[in-house]
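Here's the letter readout for the chains.
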Amino acid sequence: MAGTIASRLPDFPDFDLTAVTVATEIIGLGLRPSSASAFCPVCHQPTTRIHSRYSRTLADGSVHRRQLLLRVAARKFVCVNPLCG
Ligand SMILES: [Zn+2]
């Protein structure tokens, strides 16, 4: 059964899979962004300086008749461009 479920999980190319939990009605996936940087939405310069981290939980359809919950370890970045407002 677990092999069947694993073969039906969606692919998240920009995330690393950190945890898989399979229960009677729910499949939970822990995801972490694979990129070490992000682009400032204002000046579009890349930054690796992390301001804070937080967790987001999203429901995303179903797999193998179980609800799929995604727990994403999100990050907020700080722009390091001194000319950026
Ligand atoms: Zn910026």
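Residues numbered from 1 in each chain as written. Predicted model: local features only at pLDDT ≥ 70, side-chain atom pairs only at ≥ 80, totals over all residues. Heavy atoms only, no water.

1. Looking at the side chain of Arg 75
Counted only if it meets this: Helix and strand definitions here come from DSSP, where helices need a minimum of 4 consecutive H or I residues and strands a minimum of 2 consecutive E residues; each element is numbered from the N-terminal end. Accessibility here uses a 1.4 Å probe with only protein chains present; expressed as a share of the type maximum, an area under 20% marks a residue as buried, one over 50% as exposed, and anything in between as partly exposed. Just so you know, the count uses Lys and Arg for positive and Asp and Glu for negative, and it drops His and the chain ends. Salt-bridge detection follows one rule: a side-chain nitrogen of Lys or Arg within 4 Å of a carboxyl oxygen of Asp or Glu. As used in this structure description, the phrase polar contact means that two N or O atoms lie within 3.5 Å; if the pair is within protein, one of them must be able to donate a hydrogen and the other to accept it, and residues adjacent in sequence are counted only when both atoms belong to side chains. It only takes one pair of heavy atoms within 4.5 Å for two residues to be counted as in contact.
With respect to the secondary-structure elements, Arg 75 resides in strand β6 (residues 66–77). Buried charge without a salt bridge: Arg 75, with Asp 16 as the nearest opposite-charge side chain at an N-O distance of 8.6 Å. Polar side-chain contacts of Arg 75 include one of 2.8 Å to the backbone oxygen of Ser 35. Leaving out residues up to four positions away in the same chain, Arg 75 has contacts with Pro 33, Ser 35, Ala 36, Ile 50, Ser 52, Arg 53 and Tyr 54.

2. Observations regarding the sheet that holds β6
Spelled out, the test is: DSSP-based pairing: two strands are paired if at least 2 bridges between them are found. Note on method: axes are straight lines fitted to C-alpha atoms, helices fitted across the in-contact stretch only, with angles between N-to-C directions ranging 0 to 180 degrees.
Here 4 strands make up an open sheet; going across it, the order is β1-β2-β6-β5 and the pairing mixed. In this open sheet, the two edge strands, each paired with only one partner strand, are β1 (15–22) and β5 (50–63). The average angle at which neighbouring strand axes cross in this sheet is 20°, direction not considered.

Shape is all these values report; function is a separate question.
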